[in-house]
Amino acid sequence: MRLTMYTDFSLRVLLYLGTKEKDKLSTIQEIATAYHISKNHLMKVAHEMRQAGYIEAVRGRSGGIRLACDPKEINIGAVVRRMEDDFHLVECFNRENNTCPIASVCGLRGILGKALHAYLQVLDAYTLQDLLENEADLRMLLR
């Protein structure tokens, strides 16, 4: 399974904000510069993350974004589920567009379904706080 860049960027934003002091605001540009990624992509990511309640935004000249809750409350599996647009590992996972002629008897779908479930179950076992155990190292690299 491969995560989309959208989800990757979402996790990076959370990691970046998790290294900041609780009330300190960060800008999208600051985060984009730290990761060498597109500001425009990050703006879309930040918008959805705000809608999901992971971050909060402060508007205005000295505005920015910050975590909306404690890193212990942000479950990685939940973030991935929210940010990924689909989990169609193979065509037959998408009922509307499935044209595979063997889908009704193929055992692969069940096996891949179990693998996907296990993958998400592992992610569910971690929070943002777990990813911040090396916070000092992250902070130094993201300057």
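Conventions used here
- Residues numbered from 1 in each chain as written.
- Predicted model: local features only at pLDDT ≥ 70, side-chain atom pairs only at ≥ 80, totals over all residues.
- Heavy atoms only, no water.
- UniProt positions renumbered as here; feature names shortened; annotations may be inferred.
- Pairing = 2+ DSSP bridges.
- Helix = DSSP H or I, 4+ residues; strand = E, 2+ residues; numbered from the N terminus.
- Salt bridge = Lys/Arg side-chain N within 4 Å of Asp/Glu carboxyl O.

Looking at an unreviewed UniProt entry, one finds the chain named HTH-type transcriptional regulator NsrR and attributed to Terribacillus saccharophilus. Per UniProt, the comment on the chain under Cofactor (unreviewed entry) is "[2Fe-2S] cluster".

Pairing geometry for strand S1 (residues 55-58) and strand S2 (residues 64-67), over four bridges, is antiparallel. Looking across to S2, one finds that Ala57 is bridged to Ile65. Remark: five residues form the turn of the hairpin made by S1 and S2, two consecutive strands paired antiparallel; Gly60 in that turn has positive phi of roughly 110 degrees.

This part takes up unusual backbone geometry. The backbone of His36 shows a phi angle near 60 degrees, a positive value even though the residue is not glycine. Locating His36 in the fold gives a position in the loop between helix H2 (28-35) and helix H3 (39-52).

Once that is clear, we can look at the pattern of salt bridges. A full pass over the atoms with the stated rule returns six salt bridges. In this structure, Glu56 and Arg66 form a salt bridge, with 2.5 Å as the shortest nitrogen-oxygen distance. With Glu56 in strand S1 and Arg66 in strand S2, this residue pair connects regions lying ten residues apart in the sequence.

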